[in-house]
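Coordinate inspection notes
For reference, the chains in residue letters:
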Amino acid sequence: MQKPSFRQNKGLGNEVGYYIFDYPAEQELIVRGWVEYIRKKNERQADEYRIVVFDLYDIMIGILKQKGFLEKCFDFEKKKGFDRITKAVGNTLRITAKDNLIIQHIREHTPEKAIVLLTGIGKCYPILRSHTILNNLHQVMDRVPVVLFYPGKYDGQELLLFSEIKDGNYYQALGVE
């Protein structure tokens, strides 16, 4: 992440630098520890680039709390079921819309010289899908590199959450060495 080529946010063929770091889901706690270690190490350096970590689950819960919907979600799920609450939360967060609230949060809280690390995608399933986040983020933010920490497998073409659940859409991201 310290290489100038990485920070210039250009991948192969001058693509926007979005990366997927896939790992076995059972290593989730180890990966969380390393992400936090990287963030803290960056804070102590005189480097002009900031490592900014966004836990997608925490953002989602924060938005629901801010709107006063979190407690209502619990009641709604009890009455209507999991499938209905998943759809309702997705609609509230405008997951598939151009004004996606999670994307807005990330964009508004990312400094000019930053490296964005996205975590928590596994905790958000099935409300939030990685390809939706990456595709929507790509539309509005191309100035900084983004690394999605993905509990599953990514083969350069297909995302398999927890190495089992197909993400449903193609997304071309760059591999992380």
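Residues numbered from 1 in each chain as written. Predicted model: local features only at pLDDT ≥ 70, side-chain atom pairs only at ≥ 80, totals over all residues. Heavy atoms only, no water.

1. What about the packing of helix H6 (residues 101–108) against helix H8 (residues 130–140)?
- Orientation of H6 relative to H8, taken along the N-to-C sense of each, is 50 degrees, at an axis distance of 10 Å. With respect to H8, the element H6 is oriented oblique. Where H6 crosses over H8, the two elements pack in a sense that is right-handed. Contacts between H6 and H8 involve Ile102, Ile103, Ile106 and Arg107 from the first element and Ile133, Asn136, Leu137 and Val140 from the second.
- Grouping the constituent residues of the contact of H6 with H8 by class yields six nonpolar, one polar and one charged. (Axes fitted to C-alpha atoms, helices over the stretch in contact; angles between N-to-C directions. Helix = DSSP H or I, 4+ residues; strand = E, 2+ residues; numbered from the N terminus. Parallel < 35°, antiparallel > 145°, perpendicular 65-115°, else oblique. Left-handed = near helix turned anticlockwise from the far one by under 90°. Contact = heavy atoms within 4.5 Å. Nonpolar A, V, L, I, M, F, W, Y, C, P; charged D, E, K, R; others polar.)

2. Notes on the environment of Val140
- Tracing the backbone shows Val140 in helix H8.
- For Val140, a relative accessible area of 31% translates into the label partly exposed.
- Along the backbone, Val140 and Asp99 are 41 residues apart, and their C-alpha atoms lie at a distance of 9.9 Å.
- The contact partners of Val140, leaving out residues within four places of it in the chain, are Ile103 and Arg107. (Buried < 20%, exposed > 50% of the residue type's maximum accessible area, 1.4 Å probe, protein only.)

3. Considerations on the layout of surface pockets
- Here the second largest pocket is characterised by a volume of approximately 260 Å³.
- Contributions of two or more residues to the lining of the second largest pocket are made by helix H3 (56–66), helix H4 (70–80), helix H5 (82–92) and helix H7 (121–124).
- By residue class, the composition of the lining of the second largest pocket is 14 nonpolar, one polar and two charged. (1 Å grid on protein atoms, 1.4 Å probe; cavity = no way out; pocket = protein on both sides within 12 Å on 5 of 7 lines; lining within 4 Å. Points joined across faces, edges and corners; volume = space filled by probe spheres on them.)

4. Notes on the confidence of the model for the protein chain
- On average, residues of the protein chain score 83 in pLDDT, and 83% of them are at 70 or above.
- The secondary structure element of the protein chain with the lowest average pLDDT is strand E7 (residues 174–175), at 46, and the one with the highest is H3, at 95.
- Contacts for the low-pLDDT stretch residues 169–177, under 50 throughout, to residues beyond four places or in other chains number 28 contacts. (pLDDT = per-residue confidence, 0-100.)

5. Structural notes on the packing of aromatic side chains
- Tallied over the full model, the rule gives three aromatic pairs.
- Counting every residue linked through ring pairs, the aromatic cluster contains Phe21, Tyr23 and Phe149. (Phe/Tyr/Trp six-rings, centres within 6.5 Å; stacked < 30°, edge-to-face > 60°.)

6. Here we look at H6
- Residues Leu101, Ile102, Ile103 and Ile106 constitute the buried set of H6.
- In the core, the buried residues of H6 are packed alongside strand E2 (50–55), H3, H5, strand E3 (114–119) and H8.
- The opening residue of H6 is Asn100, an N-cap whose side-chain oxygen sits 2.8 Å from the backbone nitrogen of Ile102. (Polar contact = N/O pair within 3.5 Å; in protein donor to acceptor, adjacent residues only side chain to side chain.)

7. Structural notes on the nonpolar core
- Counting residues in hydrophobic clusters, the biggest one holds 37 residues, and the most contacted among them are Leu56, Ile102, Ile106 and Leu118.
- For this core, the element with the most residues is H3, which contributes six residues.
- Setting aside residues no more than four positions away along its own chain, Ile106 makes contact with Phe54, Leu56, Ile59, Leu118, Leu137 and Met141.
- Counting 10 residues, the second-largest nonpolar core is a separate cluster that includes Tyr19, Tyr23, Val31 and Phe149. (Core = buried A, V, L, I, M, F, W, Y, C linked by side-chain atoms within 4.5 Å.)

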